[in-house]
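# What the coordinates show
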Amino acid sequence: MKRSSVAGLLLAAGRGARLGTPKALVEYEGERLVDRGVRLLETGGCHPVVVVLGAATVPVRGAVVVRNPDWRTGMGSSLRVGLAALPPDAAAVVVALVDQPFVSPAAVAALIASGGEVAVATYGGARRNPVLFGRDHFAEVAGLAVGDVGARPFLKAYPELITDVPCDGLGSPADIDTPEDLELLKGL
């Protein structure tokens, strides 16, 4: 696979119901999480970066922004919209979530360098995000993405395709779901 043609896909459409505000708009160290996510993917080696927005629609520099009109149905529809928006020359995509601000560009780069058709970042042996999918799998990932589960059904159906990529020491997969999580983030 030509790894120079790996796109990035940042899922950032949710309203942040438990948080009380769309996560894309949350600021950390003077930077919106959506902008931080774009920088994560770009610095990690992805080009172009596609951002899926929904609850909040804002300009995002350095990314192709697409809107998910069905964002209320959950992450699955955002994943489908994002995969459909990728350029035809993208041999693979790294999918990241806007609410994981401590995932590092080194983790993204490790997924790309793994050579796997499906590569999943692991932390402490547990599979988390981000995830890389080769183009041959886009249609099936999209077809199985329903509700708020995203790519989980695909990964469960095809465990033999997965290359685990240990990312211990390359940031943290901790996510922001509640106001308490946000306060912890601000305290770091």
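I will try to describe carefully the structure that is included in this document.

## Digging into the overall build of the protein chain
The secondary structure content of the protein chain amounts to six helices and nine strands. Expressed along its principal axes, the backbone C-alpha trace of the protein chain runs to roughly 40 × 35 × 30 Å. Put simply, the protein chain has 188 residues, and 51% of those count as buried. A fraction of 69% describes how many contacts in the protein chain between residues 6 or more apart in sequence connect residues 24 or more apart. Total accessible area computed for the protein chain in this model is approximately 8,500 Å², and 55% of it derives from carbon and sulfur atoms. Treating the 18 positive side-chain charges of the protein chain as one cloud and the 20 negative ones as another, the clouds have centres 4 Å apart.

## Overview of the layout of surface pockets
Approximately 920 Å³ is the volume attributed to the largest pocket. Lining the largest pocket are 36 residues, and of these Lys 23, Met 75, Leu 97, Asp 99 and Asp 148 sit closest to its centre. Where the lining of the largest pocket is concerned, the elements lending two or more residues are helix 2 (75-84), strand 6 (92-97), strand 8 (126-134) and helix 5 (152-157). With five residues, strand 8 is the single largest residue contributor to the lining of the largest pocket. Of the residues in the lining of the largest pocket, the class split is 18 nonpolar, seven polar and 11 charged.

## Focus: the sheet that holds strand 9 (residues 162-166)
Judged by pairing direction, the sheet is mixed, and its seven strands sit side by side in the order 5-4-1-6-8-7-9 without closing on themselves. Here the strands that pair on one side only, and so sit at the sheet edges, are strand 5 (64-67) and strand 9. The average angle at which neighbouring strand axes cross in this sheet is 25°, direction not considered. Sheet analysis places strand 1 (residues 6-11) next to strand 4 (residues 49-53), joined by four bridges and oriented parallel. Residue pairing across strands places Leu 9 opposite Val 50, the latter belonging to strand 4. Lying on the sheet, helix 2 is in contact with strand 1, strand 4, strand 5 and strand 6; it crosses strand 1 at an angle near 150°. Lying on the sheet, helix 3 (residues 105-113) is in contact with strand 1, strand 6, strand 7 (118-123), strand 8 and strand 9; it crosses strand 8 at an angle near 55°.

## Overview of the nonpolar core
Grouped together as the largest cluster of nonpolar side chains are 34 residues, with contacts concentrated most on Val 34, Val 51 and Val 94. Secondary-structure elements contributing two or more residues to this core are strand 1, helix 1 (33-44), strand 4, strand 6, helix 3 and strand 7. In terms of residues, this core owes the most to one element, helix 1, which gives five residues. Setting aside its immediate chain neighbours within four residues, Val 94 contacts Val 6, Ala 7, Gly 8, Leu 9, Leu 41, Cys 46, Val 108, Leu 111, Ile 112, Pro 130, Val 131 and Leu 132.

## Thoughts on the packing of aromatic side chains
Applying the stated criterion across every chain, the model contains three aromatic pairs. Centre to centre, the rings of Tyr 28 and Phe 102 are 5.5 Å apart; their planes meet at 85°, and the pair counts as edge-to-face. With Tyr 28 in strand 2 (residues 27-28) and Phe 102 in the loop between strand 6 and helix 3, this residue pair connects regions lying 74 residues apart in the sequence. Phe 102 gets classed as partly exposed once you look at its relative accessible area, which sits at 24%. Relative to Phe 154, the ring of Phe 133 lies with its centre 5.7 Å away and its plane at 80°, an arrangement referred to as edge-to-face. Here Phe 154 lies in helix 5 and Phe 133 lies in strand 8, a separation of 21 residues in the sequence. Overall, the relative accessible area of 2% leaves Phe 133 in the buried class. For Phe 154, a relative accessible area of 2% translates into the label buried. Ring pairing ties together the aromatic residues Phe 133, Phe 154 and Tyr 158, which thus form one cluster.

What counts and what doesn't
- Residues numbered from 1 in each chain as written.
- Predicted model: local features only at pLDDT ≥ 70, side-chain atom pairs only at ≥ 80, totals over all residues.
- Heavy atoms only, no water.
- Helix = DSSP H or I, 4+ residues; strand = E, 2+ residues; numbered from the N terminus.
- Buried < 20%, exposed > 50% of the residue type's maximum accessible area, 1.4 Å probe, protein only.
- Contact = heavy atoms within 4.5 Å.
- Areas by Shrake-Rupley, 256 points an atom, 1.4 Å probe, with all protein chains shown as cover.
- Lys, Arg positive; Asp, Glu negative; His and termini not counted.
- Charge placed at Lys NZ, Arg CZ, Asp CG, Glu CD.
- 1 Å grid on protein atoms, 1.4 Å probe; cavity = no way out; pocket = protein on both sides within 12 Å on 5 of 7 lines; lining within 4 Å.
- Points joined across faces, edges and corners; volume = space filled by probe spheres on them.
- Nonpolar A, V, L, I, M, F, W, Y, C, P; charged D, E, K, R; others polar.
- Pairing = 2+ DSSP bridges.
- Axes fitted to C-alpha atoms, helices over the stretch in contact; angles between N-to-C directions.
- Core = buried A, V, L, I, M, F, W, Y, C linked by side-chain atoms within 4.5 Å.
- Phe/Tyr/Trp six-rings, centres within 6.5 Å; stacked < 30°, edge-to-face > 60°.

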